[in-house]
Amino acid sequence: MSTIAENISTLAERIHNAAQASRRDPGSVGLLAVSKTKPASDLREAYAAGLRDFGENYLQEALGKQTELSDLPLIWHFIGPIQSNKTRAIAENFAWVHSVDRLKIAQRLSEQRPADLPPLNICIQVNVSGEASKSGCTPKDLPALAQAISALPNLRLRGLMAIPEPTEDSDEQNAAFAAVRTLQDQLNLPLDTLSMGMSHDLEAAIAQGATWVRIGTALFGARNYGQP
Ligand SMILES: *Cc1c(COP(=O)(O)O)cnc(C)c1O
């Protein structure tokens, strides 16, 4: 077995155990492979080992891999910061966007979503770590933003995404993820997605209701930002 295939089976076990520990169906937690900085050949290996959903942070890099892997039925998720001038390419080339944190971006994605594609699945990124994070809307702005986005025609608001401040303390991890779930519950919208949990904190995220865990390092190994 390749290292990537081995990592995937280890992750499947972690996800299974975490789901069981909180009496959740392991099938309700999706593994999103975060492939930023990794070559197309690594994604191909992950596909061969059963993964279908891939998350990318940088548009140009993602488009290159999409071209290289166009023979595979992959589902692409955009998970990085979004500048206005990138929305058209994102609307045209992805099935999901996890990192929407302002209305202007959502409006552009809705306007630019091609008519022959299904609605673009959207998660609102919310900042539950205060000043420690620059990305994500504030909990205070979330209800109005969620209402406005859920009214846009070519988007389908699925839920929330969060990247809490990294900590090894599992109580702190649980508290941050629980805060995300509470914010979602308070919206009173028909949402089915919580995108939260990464390599180091997926257990706490699953305990608090994650439906996508976004995993890079534990799947593909450490990233080398020198050579994307
Ligand atoms: C890089 C990244 C991840 C993956 O993080 P790991 O710690 O490598 O698992 C998840 N989500 C987002 C938004 C990322 O940018």
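Within any chain, residue numbers begin from 1 and follow the written order of that chain's sequence. Side-chain atom pairs in this predicted model are given and counted only at pLDDT of 80 or more, local residue features only at pLDDT of at least 70, and totals for whole chains, interfaces and linings cover all residues. Heavy atoms from the whole structure form the basis of all side-chain values; hydrogens and water molecules are not counted.

As annotated in an unreviewed UniProt entry, the chain is Pyridoxal phosphate homeostasis protein from Pseudomonas abietaniphila. UniProt positions are given in the numbering used here, feature names are shortened, and annotations may be inferred rather than shown by experiment. Turning to the chain, the UniProt annotation filed under Sequence similarities (unreviewed entry) states: "Belongs to the pyridoxal phosphate-binding protein YggS/PROSC family." In UniProt, the chain has this text filed under Function (unreviewed entry): "Pyridoxal 5'-phosphate (PLP)-binding protein, which is involved in PLP homeostasis."

### Describing the site of the ligand
When we say a residue is near a molecule or strand, we mean one of its heavy atoms is within 4 Å of it. Inspection of the region around the ligand gives Val34, Lys36, Asn57, Ile79, Ile163, Met198, Ser199, Arg214, Ile215, Gly216, Thr217 and Arg223 as its neighbouring residues. Pairs of N or O atoms within 3.5 Å make up the polar contacts considered here, provided that, within protein, one atom can donate a hydrogen while the other can accept it, and that residues adjacent in sequence are counted only when both atoms are side-chain atoms. The contact in question runs from an oxygen atom of the ligand to an N or O atom on the side chain of asparagine 57, over 2.7 Å. Here an oxygen atom of the ligand and a backbone polar atom of glycine 216 are 2.8 Å apart. We get accessible surface area from the Shrake-Rupley algorithm with a probe of 1.4 Å; when it comes to residues, only the shown protein chains can shield them. Protein contact buries 89% of the 390 Å² of open area that the ligand shows by itself. Residue classes follow a fixed rule: Ala, Val, Leu, Ile, Met, Phe, Trp, Tyr, Cys and Pro count as nonpolar, while Asp, Glu, Lys and Arg count as charged, and any other residue, Gly among them, counts as polar. Residues belonging to the shell around the ligand are distributed by class as follows: five nonpolar, four polar and three charged.

### What about the UniProt feature "domain: Alanine racemase N-terminal" (unreviewed entry) in the chain?
In the numbering adopted here, UniProt assigns the feature "domain: Alanine racemase N-terminal" (unreviewed entry) to residues 15–223. Regarding residues 15–223, the helix share stands at 38% and the strand share at 18%, and the terminal C-alpha atoms are separated by 22 Å. In this description a helix means any DSSP run of H or I spanning at least four residues, a strand means any run of E spanning at least two, and both kinds are numbered starting from the N terminus.

### Looking at the pairing of strand S5 (residues 120–125)
Each regular strand displays side chains that alternate between the two surfaces of the sheet. Across the six residues that make up S5, a large majority, six, are buried. Where strand S4 (residues 96–100) and S5 come together, three bridges link them in parallel fashion. Opposite tryptophan 96, over in S5, you have asparagine 121 as the bridge partner. When the strands point away from the viewer and the path from the first strand over the helix to the second turns clockwise, the crossover is right-handed. After leaving S4, the chain enters helix H5 (residues 103–112) and then returns to the sheet as S5, a path that is right-handed. Strands pair, by our definition, only if DSSP identifies at least two bridges between them. As judged from the six bridges shared by S5 and strand S6 (residues 155–161), these two strands associate in the parallel manner. Whether a residue is buried, partly exposed or exposed follows from its accessible area with a 1.4 Å probe, protein chains only, as a fraction of its type maximum: under 20%, in between, or over 50%, in that order.

### Considering the UniProt feature "modified residue: N6-(pyridoxal phosphate)lysine" (unreviewed entry) in the chain
Under the local residue numbering, the UniProt record ascribes the feature "modified residue: N6-(pyridoxal phosphate)lysine" (unreviewed entry) to Lys36. Take lysine 36: it is sitting in the loop between strand S1 (30–34) and helix H2 (40–48). Contact criterion: two residues are considered in contact whenever any of their non-hydrogen atoms come within 4.5 Å of each other. Ignoring sequence-local partners within four residues, the contact set of lysine 36 consists of Gly55, Glu56, Asn57, Tyr58, Glu61, Lys65, Arg223 and Tyr225.

### Some words on the side chain of glutamine 208
On the secondary structure map, glutamine 208 appears in the loop between helix H8 (202–207) and strand S8 (212–215). Look past the residues within four positions of glutamine 208 in its chain and what remains in contact with it is Asn174, Phe177, Ala178, Arg181, Leu194 and Met196.

### Brief notes about the packing of aromatic side chains
Under the pairing criterion, centres of Phe, Tyr and Trp rings, with the six-membered ring standing for Trp, must be within 6.5 Å; the plane angle then separates stacked pairs below 30 degrees from edge-to-face pairs above 60, leaving the rest tilted. Enumeration according to the criterion identifies three aromatic pairs in this entry. Between phenylalanine 54 and tryptophan 76, the ring centres sit 6.2 Å apart and the planes meet at 45 degrees, which makes this aromatic pair tilted. Linking phenylalanine 54 in strand S2 (residues 53–56) with tryptophan 76 in strand S3 (residues 75–78), this pair joins segments that are 22 residues apart in sequence. In terms of burial, phenylalanine 54 and tryptophan 76 fall into one category: buried.

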